[in-house]
Amino acid sequence: MREIKFRAWDKKIQQFIDAKEIVINDGKVFRNWQDYEDYIPDDNTIELVWFTGLVDKAGKDIFEGDIIQCTNHSVKKNGLVMMEQGMWNWEYKLGAVSWLWDVIGRWKGTVIGNRFENPELLKEEQTC
């Protein structure tokens, strides 16, 4: 069974916060237990991204929104991890989509950042 875990991006302060502080109840996200007890739901500034159940070649957990780099035919491609049609996929600059498992297993992809902190990585393509 796949481990269920999340990361939490705080749009206000532009950084990840400890997802253990987040409270989710009845489809509402609360920033912490105090807000939950006072019923102060988050104002849509927290974005939860979930663990894919996969790790990259270095053993790092892969989350939705991560940017993975792999080398294919002497070209390094950076792509975004996303859920699409019930499957984890990896989409790179030209819009092509591959199964995330192929990128990790066959092409030995590595997490190099995420769409929140490193969006510029999605614009890069390099020849090896």
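One can find the structure itself at the top, above this paragraph.
Given the structure is predicted, the values throughout are model-derived calculations rather than measurements.

Definitions and cut-offs
- Residues numbered from 1 in each chain as written.
- Predicted model: local features only at pLDDT ≥ 70, side-chain atom pairs only at ≥ 80, totals over all residues.
- Heavy atoms only, no water.
- Helix = DSSP H or I, 4+ residues; strand = E, 2+ residues; numbered from the N terminus.
- Areas by Shrake-Rupley, 256 points an atom, 1.4 Å probe, with all protein chains shown as cover.
- Lys, Arg positive; Asp, Glu negative; His and termini not counted.
- Charge placed at Lys NZ, Arg CZ, Asp CG, Glu CD.
- Phe/Tyr/Trp six-rings, centres within 6.5 Å; stacked < 30°, edge-to-face > 60°.
- Lys NZ or Arg CZ within 6 Å of the ring centre and 35° of its normal.
- Salt bridge = Lys/Arg side-chain N within 4 Å of Asp/Glu carboxyl O.
- Buried < 20%, exposed > 50% of the residue type's maximum accessible area, 1.4 Å probe, protein only.
- Pairing = 2+ DSSP bridges.
- Patch = residues over 30% accessible without salt bridge, like charges linked within 9 Å, V, L, I, M, F, W, Y side chains within 5 Å.

### A few points about the overall build of the protein
Check the secondary structure of the protein and you find two helices and 12 strands. Taken from N to C terminus, the helices and strands of the protein fall in the order β-β-β-β-α-β-β-β-β-β-β-α-β-β. Along the three orthogonal principal directions, the C-alpha set of the protein runs to about 55 × 35 × 25 Å. Carbon and sulfur atoms provide 50% of the accessible area of the protein, an area that totals close to 7900 Å². The averaged location of the 22 negative side-chain charges in the protein is 7 Å from the averaged location of its 17 positive side-chain charges.

### Considerations on the packing of aromatic side chains
Within this structure, the stated rule accounts for nine aromatic pairs. Through pairs of rings, three or more aromatic residues link up here, namely F30, W33, Y36 and Y39. The residue whose ring lies beneath K5 is F51, and the NZ or CZ to ring-centre distance is 4.7 Å. Taking NZ or CZ as reference, R7 lies 4.5 Å from the ring centre of F16, over its face.

### Focus: the pattern of salt bridges
Under the definition given, this model contains five salt bridges. Note that D66 is salt-bridged to R7, the shortest N-O span being 2.6 Å. Here the residue D66 occupies a position in strand 7 (residues 66-72), and R7 occupies one in strand 1 (residues 6-10), the gap between them amounting to 59 residues. Like D66, the residue R7 is buried in the burial classification.

### Thoughts on the pairing of strand 1
Extensive coverage of strand 1 is indicated by the burial of four of its five residues. Two elements, strand 1 and strand 5 (residues 46-55), share five bridges in a ladder whose sense is antiparallel. By the bridge assignment for strand 5, R7 is matched with V49. Bridging between strand 1 and strand 2 (residues 15-17) involves three bridges; their strand directions are antiparallel. Across the sheet, the residue bridging to A8 is I17, located in strand 2. Counting the residues between successive antiparallel strands, the hairpin from strand 1 to strand 2 contains four residues, one of them, Q14, with a positive phi of roughly 55°.

### Here's the deal with a nonpolar patch on the surface
There is a patch of nonpolar side chains on the surface, built from M87, W99 and W101 and spanning about 370 Å² of accessible area. The residue W99 is located in strand 10 (residues 97-99) in this model.

Keep in mind these values describe shape, not function.
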